[in-house]
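# Residue-level structure breakdown
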Amino acid sequence: MSEEKQAAAKERVYSEAEITERLQKELPKWWYENGWIRRKYKTYSWKSTLMVINTVGHLAEAAWHHPDIAASYAWVEVKLQNHAAKGITDKDFELARKIESVVGWQPGKEGGALEGTPSTDQRFAYIKYD
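Fair warning: this is a prediction, and the values are worked out from it, not measured in the lab.

The rules we used
- Residues numbered from 1 in each chain as written.
- Predicted model: local features only at pLDDT ≥ 70, side-chain atom pairs only at ≥ 80, totals over all residues.
- Heavy atoms only, no water.
- Pairing = 2+ DSSP bridges.
- Helix = DSSP H or I, 4+ residues; strand = E, 2+ residues; numbered from the N terminus.
- Phe/Tyr/Trp six-rings, centres within 6.5 Å; stacked < 30°, edge-to-face > 60°.
- Lys NZ or Arg CZ within 6 Å of the ring centre and 35° of its normal.
- Contact = heavy atoms within 4.5 Å.
- Axes fitted to C-alpha atoms, helices over the stretch in contact; angles between N-to-C directions.

Moving on: the pairing of strand S3 (residues 68–72). In regular strands, side chains alternate between the two faces of the sheet. Taken together, the five bridges between S3 and strand S4 (residues 75–80) define a ladder with antiparallel strand orientation. Residue pairing in the sheet places Ala71 in a bridge with Val76 of S4. Hairpin connection from S3 to S4: two residues lie between these consecutive antiparallel strands.

What follows is the structure, encoded as structure tokens:
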């Protein structure tokens, strides 16, 4: 058995009820559907959409976990599932939390020098925070 398959065999795969409960507690903007945990981010433009895709790609590659991504002009949908384990594992929840914290970061709410993109000028609008 390959190293990858051995590692996957050791990972706990969560039941649908456990997934739903964890999402409600830890990631309320994510949902479970057809074997995947999912989140849809609304953006203002194609430029913003690409920025979200690249951010998710960077985080996923660094985590050695690869989501499915669907996108259009003003939205990105991220789908996570541990392919090797054939289900949802801690790896999916951990990456979802990291994606949520980075993509959902709102610097203007923290105060300080990082004020965020101007909300009054749509040319610079980034993500529609929910």
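Moving on from the model shown.
Before going further, it helps to spend a moment on the packing of aromatic side chains. Scanning the model with the defined rule gives one aromatic pair in all. Over the aromatic face of Tyr44 sits the side chain of Lys128, whose NZ or CZ is 5.1 Å from the ring centroid.

Right, let's get into the side chain of His65. Within the secondary structure, His65 sits in the loop between helix H3 (46–63) and S3. If sequence neighbours within four positions are ignored, His65 has contacts with Ala60, Leu80, Gln81, Asn82, Lys91, Asp92 and Leu95.

A word on the sheet that holds strand S1 (residues 31–33). Pairing is antiparallel in the open sheet, where four strands are placed in the order S1-S2-S4-S3. Of all strands in the sheet, those bounded by a partner on one side alone are S1 and S3. Direction aside, neighbouring strands of the sheet carry axes that sit 30° apart on average. Of the strands in this sheet, strand S2 (36–42), S3 and S4 are in contact with H3, which crosses S3 at around 175°.

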